[in-house]
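# Notes for the structure review
Chain residues, written in single-letter form:
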Amino acid sequence: MESNMLDEEFLSRQRLELQNNDENYISSFDEVLQDDDKDVETTLQSEKIVQINHANIRSEMIPKVSMEFETEEEAYNFYNTYAYNVGFSIRRSKGHKGENRKIMDRTFCCSCEGTRGNDKRNVNVKRHRAETRFGCLAKMKINCRQIGKYQVVEFIAEHNHVTSSPIKSHLHRSQRRLSATQVVEIELAESSGITPKASVELMARRAGGRENLGFILDDCRNYIHIDDLLTNIFWADAKMKEAYSHFDDVICFDTTYRKNHECRPFAMFVGVNHHKQTTLFGAASLYDETCETFIWLFDTFSAAMLGKMPKTILTDQNAAMAKALASQWPETYHRLCIWHMYQNATKHLSSIFQKFRQFSKDFGDCIHEYEEEDEFIEAWNKMLERYNLKDNDWLGRTFKVREKWALVYGRDIFCANMNTTQRSESMNNVLKHYVSY
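The structure displayed is predicted, hence computed values, not measured ones.

### Things to note about unusual backbone geometry
- Of note in the backbone geometry, Arg101 takes a positive phi value of approximately 70 degrees without being a glycine.
- If you trace the backbone, Arg101 turns up in the loop between strand 2 (90-97) and strand 3 (103-110).
- The phi dihedral of Lys276 falls on the positive side, at around 60 degrees, and the residue is not glycine.
- Turning to its location among the elements, Lys276 is positioned in the loop between strand 8 (265-272) and strand 9 (278-285).

### Notes on the nonpolar core
- Counting 28 residues, the largest nonpolar core has Phe69, Tyr79, Tyr82, Phe88, Phe108, Met140 and Ile142 as its most contacted members.
- No other element matches the seven residues that helix 2 (residues 72-86) contributes to this core.
- Those residues within four positions of Met140 in sequence are excluded, and the remaining contacts are Pro63, Ala75, Tyr79, Arg106, Thr107, Phe108, Val152, Glu154 and Phe155.
- Core analysis: the second largest hydrophobic core is formed by 26 residues, Ala243, Phe281, Cys291 and Ala320 among them.

### With respect to the packing of helix 3 (residues 180-191) against helix 4 (residues 196-207)
- Look at helix 3 against helix 4: their axes get within 10 Å of each other, and the N-to-C directions meet at 140 degrees. As the angle between them shows, helix 3 and helix 4 are arranged oblique. In the packing of helix 3 onto helix 4, the handedness of the crossing is right-handed. From helix 3, Gln182, Glu185, Ile186 and Ala189 reach across to helix 4, where they touch Ser199, Met203 and Arg206.
- Of the residues that constitute the contact of helix 3 with helix 4, the class distribution is three nonpolar, two polar and two charged.

### What to know about the pairing of strand 9
- Among the eight residues in strand 9, six count as buried, and that is most of the element.
- Pairing between strand 6 (residues 233-235) and strand 9: three bridges, direction antiparallel. From the neighbouring strand, Trp235 faces strand 9, where its bridge partner is Ala283.
- Summarising the sheet, strand 8 and strand 9 pair through seven bridges and their orientation is antiparallel. Bridged to Met268 within strand 9 is Ala283.
- Counting the residues that bridge the hairpin from strand 8 to strand 9 gives five residues, and of these Lys276 lies at a positive phi of roughly 60 degrees.

Basis of the calculations
- Residues numbered from 1 in each chain as written.
- Predicted model: local features only at pLDDT ≥ 70, side-chain atom pairs only at ≥ 80, totals over all residues.
- Heavy atoms only, no water.
- Helix = DSSP H or I, 4+ residues; strand = E, 2+ residues; numbered from the N terminus.
- Core = buried A, V, L, I, M, F, W, Y, C linked by side-chain atoms within 4.5 Å.
- Buried < 20%, exposed > 50% of the residue type's maximum accessible area, 1.4 Å probe, protein only.
- Contact = heavy atoms within 4.5 Å.
- Axes fitted to C-alpha atoms, helices over the stretch in contact; angles between N-to-C directions.
- Parallel < 35°, antiparallel > 145°, perpendicular 65-115°, else oblique.
- Left-handed = near helix turned anticlockwise from the far one by under 90°.
- Nonpolar A, V, L, I, M, F, W, Y, C, P; charged D, E, K, R; others polar.
- Pairing = 2+ DSSP bridges.

Below, the structure written as structure tokens:
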């Protein structure tokens, strides 16, 4: 009797479980059908939007598989023009190069392709930037492996986000570009004191509206102030640091090399190793040559070299540099480059050099020849009296810093047989073959 009751209870439970499983299966099946319906509906909506967009574009302006282009740039411009008509921005994505470094294939994708990566710093951000990537799959892929020309091998027109109206397409990043003519106009306006806003307004009116201009106000401002974004940069690699740790006795520092149109100085810390070979300890691109800039540079250099300062430094005659050295490296012996001394002398005393041939020898003797301080001072005074230069302002200022250039004051200072920054000048000559703006 008890056995029959147990069998009936077991059978009833089994029927209940089967009933529940059937209900769960039916429920899951309904959810799958609903998801499929949503996907189909989304696909139909995307296709309808594409048809609407393409209806307003000429057929030859719409990418198609097997379309051919001579160059990758031509394909990019074609897809970018299509993007302008539809209302989205594009960017270059994946690509591969062949043995001759030629681009063999390239994918141009919607700028909303992909997703924003995770950043562990996000926890510290109070207000995040707006999301700009939504995993959009719209793209055009080209390949030149089959026929030599670039051919469209894949084209996806559907976007998973709302595109802008064509009247706003000029605001997209890929659609904005300054032409050579516009650059000239902007530079002329800026040099004439016209504000960027007024300049863009005038150019937009001449173009028939902002949508025909090809750039926005931010592009104009960025072009004008692009050099202001870069202030001071210093770099020294591991090899430079190791060399400095061995040969930090004497360094030459020179800022006379300038390469770009803004005449921004490029400076190098140069020394000599135990084979008398020129060695680079560090380099810097500077915004200007003010005392504050040099203070930053000398502090940065010493920090990079673990607080180790040179025993002697050779520089040109620069008041701001001398002030910064005295402030930041007071224990470093500051010597002036003799070659720059002669250059400055010919500049400030050109009439004396032309009138008296002997003056060059007398001036050189004061720098090199005297062993005792009294002999040097006596020879200097005689030179001033002989050429009637007692009231010369440049010679007066030069004599005040005589400890930095007269050999009589530097005979006990180790300079590795260097009394000019010629090694820096030689490095500048090498540099011009590699650096350009």
